[in-house]
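Below, each chain spelled out in residue letters.
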Amino acid sequence: MGKVEHALEIGPSSAGLALSRRSFLKGSGGAAVALSLNQLAATVSPAFVRQAFAAEKHIAYRGTEDLYRQIWNWDKVTWGSHTNVCLPGCCSFHVYVKDGMVWREEQTAKNDASNPNYPDYNPLGCQKGCSFHANLYGDERIKYPLRRVGERGAGKWERISWDEALTEIAGSIVDALEEQGGDGFVLDPPHAHLGTVGWAGSHRFTSVLGGASPDLNVLIGDFLKGTFDVVGKQHLGYSADNLFDAELIFLTCSNWSYTMPSVYHFLTEARYNGTEIVSIAPDYNPTSITADYHVPIKQGCDAAFWLGISQVIMTDGLVDEAFVKEQTDLPLLVRTDTGRFLRQIDVDGSGREDQLYVYDTKAGAIAKAPRGTLAFAGDPALNGVYTVKLADGNEAKVTPVYAQVKAHLDAEYTPEKAAEKSGCHTSLIRKLAKKVATKRTCSYIGFTTAKIYHGDLAERALILAMGLTGNWGKPGTGWNCWAFPGDHVELLMLLEKPIDQGGLEQFDAMEQALATRLKQADPEITDELISVAAIKAMTTELGASPPVFFLYYHAGYKELYDNMAWGDPALKRNFSSYLNEALDKGWWKPEQIRPAPDKTPRVMMLTSSNPIRRVRSAAIQYPKHLFPKLKMMFAIDPRMSSSAMFCDIVLPAAWYYEKEDITVSITNNPRFAFIEKAVEPQGESRNEWEILAALAKRIGQIAAERGLTTYVDGLGRTKRYDALWGRYTMQGHLQTQEQVVEEMVKIGAATGIFPPGTTRESFRKAGMLPQQGFGHGFMKHVVANEYDARKPFFSLRWHVDNKTAYPTYTRRAQFYIDHPWYIEAGEALPTHKEPPKIGGDYPFVLTGGHPRHSVHSMHHAAPQLMRLHRAQPVMHINDRMAKSRGIADGETVRAYNDMSDFRIMVRTSPTVAPNQAVIYFWEAYQFEDWKVYDRALVGMPKPLHLAGGYEQLRYYLYNGSPGPSTDRGVRVEIEKITRA
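None of these values were measured; they are calculated from a predicted model.

Asks: Sorry if this is basic, but what is going on with the sheet that holds strand β27 (residues 874–878) here?
Replies: To summarise the sheet geometry, strands pair through backbone hydrogen bonds and adopt either a parallel or an antiparallel arrangement. Judged by pairing direction, the barrel is mixed, and its six strands sit side by side in the order β26-β30-β27-β29-β28-β31 before closing back on the first. For this sheet, the mean angle separating the axes of adjacent strands, direction not counted, is 45°. With four bridges joining them, strand β28 (residues 892–896) and strand β31 (residues 970–976) adopt antiparallel strand pairing. Of the residues in β31, the one forming a bridge with Y896 is E973.

Asks: What is the right way to read the pairing of strand β14 (residues 386–389) from this model?
Replies: If a strand is regular, its side chains alternate between the two faces of the sheet. A one-sided burial pattern is seen for β14, the buried positions being Y386 and V388 and the unburied ones T387 and K389. Across four bridges, β14 lies against strand β15 (residues 395–400) in antiparallel orientation. For K389, the partnering residue across the bridge sits in β15 and is E395. From the end of β14 to the start of β15, which pair antiparallel, there are five residues, and G393 there has a positive phi angle of about 95°.

Asks: Is there a simple way to explain the environment of D410 in this structure?
Replies: Its place among the elements puts D410 in helix α16 (residues 401–412). Between the C-alpha atoms of D410 and Q311, which are 99 residues apart in sequence, the distance is 6.5 Å. Those residues within four positions of D410 in sequence are excluded, and the remaining contacts are Q311 and T315.

Asks: I tried to follow the pattern of salt bridges on my own but got confused; where do I start?
Replies: In a structure, side chains of opposite charge can pair up when their charged atoms sit close to one another. Enumeration according to the criterion identifies 67 salt bridges in this entry. The salt bridge involving R594 is made with D183; its shortest N-O contact spans 2.8 Å. On the criterion of sequence distance, the pair formed by R594 in the loop between α25 (575–584) and β18 (603–607) and D183 in the loop between α6 (162–180) and β6 (185–188) is long-range, its members being 411 residues apart. In this structure, the salt-bridge partner of E786 is R797, at a minimum N-O distance of 2.2 Å. Of the two residues, E786 sits in the loop between α32 (778–783) and α33 (797–801) while R797 sits in helix α33, which places them eleven residues apart along the sequence.

Asks: Would you explain the state of the cysteines in this entry?
Replies: By definition, a disulfide links two cysteine residues through a covalent bond between their sulfur atoms. Going through the model one piece at a time under the given rule, you end up with zero disulfides. C90 forms no disulfide, and the closest cysteine sulfur to it belongs to C91, at a distance of 7.6 Å. We classify C90 as buried; its relative accessible area is 1%. Of all cysteine sulfurs in the structure, the one in C424 sits closest to C301, which takes part in no disulfide; the separation is 9.0 Å.

Asks: In this structure, what is going on with the nonpolar core? I would like to understand it.
Replies: One broad trend across soluble globular proteins is that nonpolar side chains are buried collectively. In this structure, F205, F305, W472 and Y622 are the most contacted members of the largest nonpolar core, which totals 264 residues. Non-local contacts of Y622, meaning those with residues more than four positions away in its chain, are made with F550, L551, A555, Y557, P611, I612, V615, F627 and P628.

Asks: Is there a simple way to think about the pairing of strand β3 (residues 101–107) in this case?
Replies: One ladder, built from six bridges, connects strand β2 (residues 93–98) with β3; its direction is antiparallel. From the neighbouring strand, K98 faces β3, where its bridge partner is M101.

Rules used in this analysis
Residues numbered from 1 in each chain as written. Predicted model: local features only at pLDDT ≥ 70, side-chain atom pairs only at ≥ 80, totals over all residues. Heavy atoms only, no water. Pairing = 2+ DSSP bridges. Helix = DSSP H or I, 4+ residues; strand = E, 2+ residues; numbered from the N terminus. Axes fitted to C-alpha atoms, helices over the stretch in contact; angles between N-to-C directions. Buried < 20%, exposed > 50% of the residue type's maximum accessible area, 1.4 Å probe, protein only. Contact = heavy atoms within 4.5 Å. Salt bridge = Lys/Arg side-chain N within 4 Å of Asp/Glu carboxyl O. Disulfide = S-S within 2.5 Å. Core = buried A, V, L, I, M, F, W, Y, C linked by side-chain atoms within 4.5 Å.

Interpretation note: all reported values are geometric properties and have no functional meaning in isolation.
In structure tokens, the structure reads:
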């Protein structure tokens with residue numbers, strides 16, 4: 001085929017793309033039209049525009065009513081939704097099609113209340129969903145396979161055939177497998193944004209191949225490490241109507257007005273019901289405006305506020321002691337000489353290292369804390385110092401954790417001291433502490449906390465206040481709303497056989513065998529801990545691993561992570577020193593470090609993912625360190641992205657409305673929406689599942705042509721090339737998108753997340769299904785409560801009502817972590833630490849998050865939505881700070897730190913804290929010279945999070961490893977640009 005080159009140029013350093021938005025859009029392979037359909041969206045139909053421009057026939061025009069009637073004439077209406085997982089997700093839409101094009105969409109309003117005593121979820125849908133058709137036909141769409149011409153990243157393309165593209169990619173994968181084994185292939189982790197079928201297919205392909213993939217959840221900074229430290233899990237959730245049962249709601253590190261517009265009304269309706277709302281934020285954001293209380297926290301200093309709350313609760317005698325004694329580790333005994341828990345090996349000289357003790361006031365002696373249950377017949381002490389005779393004949397003084405916590409808070413976090421550290425007034429701390437202790441309190445911890453260097457300490461401190469007052473495991477309580485029943489997606493990644501051929505029974509048999517082995521080793525092991533072991537095995541099979549290792553060994557991040565000036569000054573060693581010690585102690589296994597340090601990634605696949613935009617500092621580090629190692633980088637994407645611009649081959653993917661799919665349910669909207677194929681994919685676009693199936697088949701064919709039969713995958717197992725297609729498609733059972741959706745529905749019905757008897761056809765006819773449960777495996781143990789669609793949902797009830805042990809080292813909600821590293825760092829107990837100066841010693845701290853008009857950056861350039869904002873990247877800064885620097889509203893400034901710089905328009909506002917700079921998501925090509933602000937965002941992981949050896953200090957899929965996305969609070973300088 002003839003070449004179709006586009007004059008896109010890249011800067012000489014490859015660190016920033018020097019090209020215009022106009023030339024970038026041409027690079028997608030789309031063609032511009034004389035008059036954009038989007039410009040006429042409120043007036044005429046696409047068919048009218050095409051007929052008028054082409055002069056295909058005479059169109060009678062008698063008046064504006066003819067144009068109006070054209071708008072409301074449809075060929076068909078289908079079910080639709082969007083899997084880009086903006087919370088709450090699963091919004092059901094009607095999609096209107098005329099002459100083979102989607103012209104509009106609107107909410108179906110099928111979201112009934114759980115019961116008549118609670119508000120319903122309608123209409124559930126926002127401006128992003130109502131204008132998605134603009135993106136579907138946007139100029140960024142990729143319509144044909146493209147191959148780069150010239151240097152990678154030069155932005156020059158030629159159109160090629162699907163056969164050419166698949167042959168070239170497959171050949172590169174075979175080369176990589178022969179040269180580096182399975183670790184030669186890396187999947188940049190996709191989000192559910194691309195759809196559940198494509199999401200499952202991407203991971204299934206990587207698993208079948210034996211390749212590697214950094215863990216998405218940790219990579220993007222959606223891992224709540226502090227929650228994990230306390231209760232041993234993070235995917236806890238509640239439905240939005242649970243807010244209606246709360247009497248006090250805290251919103252921290254979140255701005256629901258921007259990020260959850262579809263369920264924001266639950267906050268309003270809760271207030272009508274008498275609930276008080278507290279917004280904790282450095283800026284007076286749109287959610288703070290409607291709250292009853294605004295806590296103007298200093299950026300990154302939330303822990304001090306919550307520890308002040310806890311100090312008042314303990315000092316004023318407001319503690320729920322029965323709850324504390326049963327549910328938490330606060331009664332457990334700690335040796336005053338070592339600072340470690342009193343263990344059975346101390347007392348008996350042998351036994352379990354994790355058998356801990358309480359002081360039973362009924363017996364007047366120490367007693368073993370139960371491990372298999374929270375039920376205890378005695379009465380554990382919360383205060384006092386006791387003498388214990390040790391196995392070696394010596395004596396040791398011990399005291400409950402509770403006493404240590406109280407001493408810690410009294411010394412450092414009286415309301416006066418907490419106010420000084422947090423920036424909040426003492427009277428507000430005292431007032432809110434008493435409300436927490438006397439009201440049913442619900443919290444929402446936004447994912448921004450996971451992007452703050454010491455966000456884990458803030459989470460631990462918040463949960464301490466909840467624990468002291470008994471505010472979890474009951475209606476109207478909790479601290480998050482993100483749990484998802486994902487059996488229909490996750491099992492599709494791994495099952496060897498279809499449901500009808502015994503695939504689920506085979507999977508269950510393996511889990512049962514694992515359970516038998518674990519119970520033999522530990523008779524007190526809980527069902528939840530067994531499910532954790534199963535998910536660890538699943539993680540290994542998927543090739544998932546903590547992303548910090550991939551970035552450190554293969555993408556040049558070692559130089560960033562070892563910069564001690566950007567880290568916690570309490571840590572006296574650099575990141576590499578902690579990493580090497582952790583590896584020497586065996587806390588991280590080879591299967592968790594992939595690709596292995598001695599392997600070189602050769603092929604990287606992107607499926608609707610954009611690491612240049614998403615991975616902190618990747619816009620600089622990836623082109624400099626990672627991309628030169630890759631012999632092939634290819635993208636399967638519906639739209640051109642800043643990462644696709646660096647690819648060798650870009651394959652056009654079908655998008656929403658162009659393929660059948662199912663949404664994933666997120667707990668605050670417990671429903672699943674069906675997406676029908678409303679129109680044919682544009683150009684030569686194909687869905688991801690069928691692309692990967694074709695690629696698997698082509699790999700086998702090329703290997704056969706070369707006389708190759710086997711290779712060694714990333715886990716050291718021998719695999720056959722000619723078996724790849726069969727394993728991916730379940731021996732041909734799953735070849736089409738529709739077949740996969742049908743299998744997904746069968747899995748969902750079989751595991752109990754869909755209503756019994758649900759079929760693909762009944763789901764398609766209904767358009768939306770209520771969540772039935774959390775499946776048969778891991779997630780039901782995480783949320784620890786059965787699901788009932790007839791009432792609001794909340795997590796952790798089994799722990800509170802059924803006395804089920806937690807999956808932590810202490811088998812309780814654990815506030816004291818006596819790990820030597822935590823003790824050394826001063827973080828054994830929840831504490832406050834000042835944010836480090838990540839990026840350099842500069843006066844402004846960057847914060848941000850999801851924008852109101854887009855949620856995710858892919859919507860930000862949509863023509864309709866651009867009318868709602870300034871249509872270019874904007875940074876919000878305090879008006880007085882701007883004036884002191886001679887900066888006016890609407891001016892473009894230069895922001896910089898030790899990592900990089902960028903230029904951006906300023907919006908001045910008194911609602912922004914004096915030293916704060918707020919930037920929401922934007923596309924890279926919207927910045928001058930493509931210098932996206934993400935270039936300056938250094939994600940510094942805490943070396944402390946490399947610690948292991950405890951139950952909750954472990955990794956499995958989506959959980960448990962250092963977060964490389966801690967960019968909230970990165971320091972920058974802002975200067976006025978003086979133009980000649």
